[in-house]
Structure formats: structure tokens, C-alpha cells
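So the chains spell out like this:
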Amino acid sequence: MTEIRQQPDTPEDELARRFRAGDERALREAYERYGRAVLHLATSTLVNRSDAEDATQATFVAAWLGRDTFDPTKGSLVGWLLGIGRRKVIDRLRSSARESRVVETVRQLPEPVPPGNDPDTVVDRLVVADELARLPDEQRRMLELAFFDDLTHQQIAAVTGVPLGTVKSHIRRGMASLKRRWEVDGAASGARPADISGAR
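Since we're looking at a predicted model, the values are computed, not measured.

Q: Got a minute to help me understand the nonpolar core in this structure?
A: Side chains that are nonpolar tend, in soluble globular proteins, to be buried together. Ranked by size, the top nonpolar core spans 15 residues in total, and within it Phe19, Ala30, Tyr34, Leu77, Trp80 and Leu81 carry the most contacts. At the level of secondary structure, the elements contributing two or more residues to this core comprise helix 1 (11–21), helix 2 (24–43), helix 3 (49–65) and helix 4 (77–108). Not counting the four nearest positions on each side in its chain, Tyr34 is found in contact with Glu12, Leu15, Phe60, Leu77, Val78 and Leu81. Core analysis: the next-biggest nonpolar cluster, separate from the first, contains 13 residues, Leu143, Ile156, Val162 and Val167 among them.

Laid out in C-alpha cells, this is it:
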């Protein structure tokens, strides 16, 4: 009977085995051995060197956290890492595109009217800030952007990525809550800041 000898593991196979087993030294070795290949892939697509380095780092983080999904029978460790790298580069491209759209949208929107700095306005804002602190997070966030940063509904939607209808809904409910609190607590002393009712 002919004896079948098992081929010894290559250094790459041994590294892949240790990497999948969770050996932290293997993670360092994998980065030292294959990091340049992943970075080259990223820099060949991403214009910004910093973005490419971020994508490379994200690749190894994702690979380490998902090392149990690596199957050496389906391919090499470097091939698996490059596959993850391609997805991270695509994610970065999509993120950059979203950021560019937001910036361009905000640039095209009209400039808000500068607020006044008279004492009454300052007092009103302090009172409003105290009342806003009692609101749910999303309502408070939208009203703060509208009242303190003087952003329009469209600008708030562009900056936060929240749909315009949802922005309007949060602001409407938040203003209704503020109105009820003013009526109950008498915080306005007969006058409510016009800026709040004028949030747009």
C-alpha cells in the first residue's frame, strides 16, 4: 500500500492558519507582509492618500474581527484581504460622494439672516435652551439647529441626512411641546421668542 505523504505547510499557509486561530502576532505579520498590497489597491482608486490609509486600516480591522469567515480552501489570505480592501475602498468612495453632495447642497442654499444680539434675544435663548433640554433627543437636535444655528429645514436635512419631512415633523412636535411647557410653566412671562415660532 502506497503511503500518501502530506505536503508541509508553506509559510503563507502557516500564517493564514495562525491568523484564523486568533494569533495576534499573525495579525502583525499579515499587516507587514500584505499591508502594502492593500494600500496599493486603495491608492490606485482613491485620490486622497489619507483616505487610502484609512481604507487599508479598516480592511485589517474588518479581517481580524471576521477572521472566522476566512476559508483557506477557497483562496489565499492575501486574496481574501484584497477582497475586503475592495469593499472598503467602495465604501469610502460612497462616503466621499455623500459628503460632497451635502457640502454642495449647503453651498447652494440661501444664507440665513444673521440673528440680533440685543439683551432680550440673549435672555430668550437662555430660556429656550433650558426648555430644549427637556425634549426628546431628536426634537431637541432639530430645534437647536433651527434656533441656535439659524438653519432652514432644507439645510438641517442636508447636514443631518434626515429626510426633510422627518425634520419638519420633529420641529413641529418639538415646538408644540415647548408651547405647552410655556403655557404651564409661565417661562415666557407673556412673550415667547419670535425666533422659535419662526423656525423654518
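That shown, we press on.
Q: Any chance you could explain the packing of aromatic side chains here in plain terms?
A: To describe a pair of aromatic rings, you give the distance between the ring centres and the angle between the ring planes. Using the criterion set out here, one finds four aromatic pairs in the structure. Considering the side-chain rings of Tyr31 and Phe60, the 4.9 Å spacing of their centres and the 70° angle between planes classify their relative orientation as edge-to-face. One end of the pair, Tyr31, is in helix 2; the other, Phe60, is in helix 3, with 29 residues separating them in the sequence. Aromatic pair Phe70 and Trp80: ring centres 5.2 Å apart, planes at 45°, arrangement tilted. Here Phe70, found in the loop between helix 3 and helix 4, pairs with Trp80, found in helix 4; they are ten residues apart in sequence, far enough to count as distant. The exposure class assigned to Phe70 is buried, which follows from its relative accessible area of 2%. An aromatic cluster is defined as three or more aromatic residues linked by ring pairs; in this entry it consists of Phe19, Trp64, Phe70 and Trp80.

Q: How should I be thinking about the pattern of salt bridges in this particular structure?
A: A side chain of one charge can pair with a side chain of the opposite charge if their charged atoms are brought near each other. Scanning the entire structure with this criterion turns up eight salt bridges. A salt bridge links Arg25 to Asp23, with the shortest nitrogen-to-oxygen separation between them at 3.6 Å. Residue classification places Asp23 among the buried positions, given a relative accessible area of 19%. Because the salt bridges share partners, they merge into one network encompassing Arg18, Asp23, Arg25 and Glu29.

Q: Where do I start with the environment of Val89 in this structure?
A: Relative to the assigned elements, Val89 resides in helix 4. For Val89, a relative accessible area of 5% corresponds to the buried category. Separated by 44 residues in the primary sequence, Val89 and Thr45 have C-alpha atoms spaced 7.5 Å apart. In this structure Val89 touches Ala42, Thr45, Leu46 and Ala55, once residues within four positions along its chain are discounted.

Q: What should I look at first to understand the packing of helix 1 against helix 2 in this one?
A: Helix-helix packing is characterised by the crossing angle of the two axes and by the distance between the axes. Contact geometry of helix 1 with helix 2 gives a least axis separation of 8 Å together with a crossing angle of 135°. Compared by their axis directions, helix 1 and helix 2 come out oblique. The chirality of how helix 1 crosses helix 2 is left-handed. Contacts from Pro11, Glu12, Leu15, Arg18 and Phe19 of helix 1 reach helix 2 at Arg25, Ala26, Leu27, Glu29, Ala30, Arg33 and Tyr34. Broken down by class, the residue content of the contact of helix 1 with helix 2 amounts to seven nonpolar, no polar and five charged.

What counts, and at which threshold
- Residues numbered from 1 in each chain as written.
- Predicted model: local features only at pLDDT ≥ 70, side-chain atom pairs only at ≥ 80, totals over all residues.
- Heavy atoms only, no water.
- Core = buried A, V, L, I, M, F, W, Y, C linked by side-chain atoms within 4.5 Å.
- Buried < 20%, exposed > 50% of the residue type's maximum accessible area, 1.4 Å probe, protein only.
- Helix = DSSP H or I, 4+ residues; strand = E, 2+ residues; numbered from the N terminus.
- Contact = heavy atoms within 4.5 Å.
- Phe/Tyr/Trp six-rings, centres within 6.5 Å; stacked < 30°, edge-to-face > 60°.
- Salt bridge = Lys/Arg side-chain N within 4 Å of Asp/Glu carboxyl O.
- Axes fitted to C-alpha atoms, helices over the stretch in contact; angles between N-to-C directions.
- Parallel < 35°, antiparallel > 145°, perpendicular 65-115°, else oblique.
- Left-handed = near helix turned anticlockwise from the far one by under 90°.
- Nonpolar A, V, L, I, M, F, W, Y, C, P; charged D, E, K, R; others polar.

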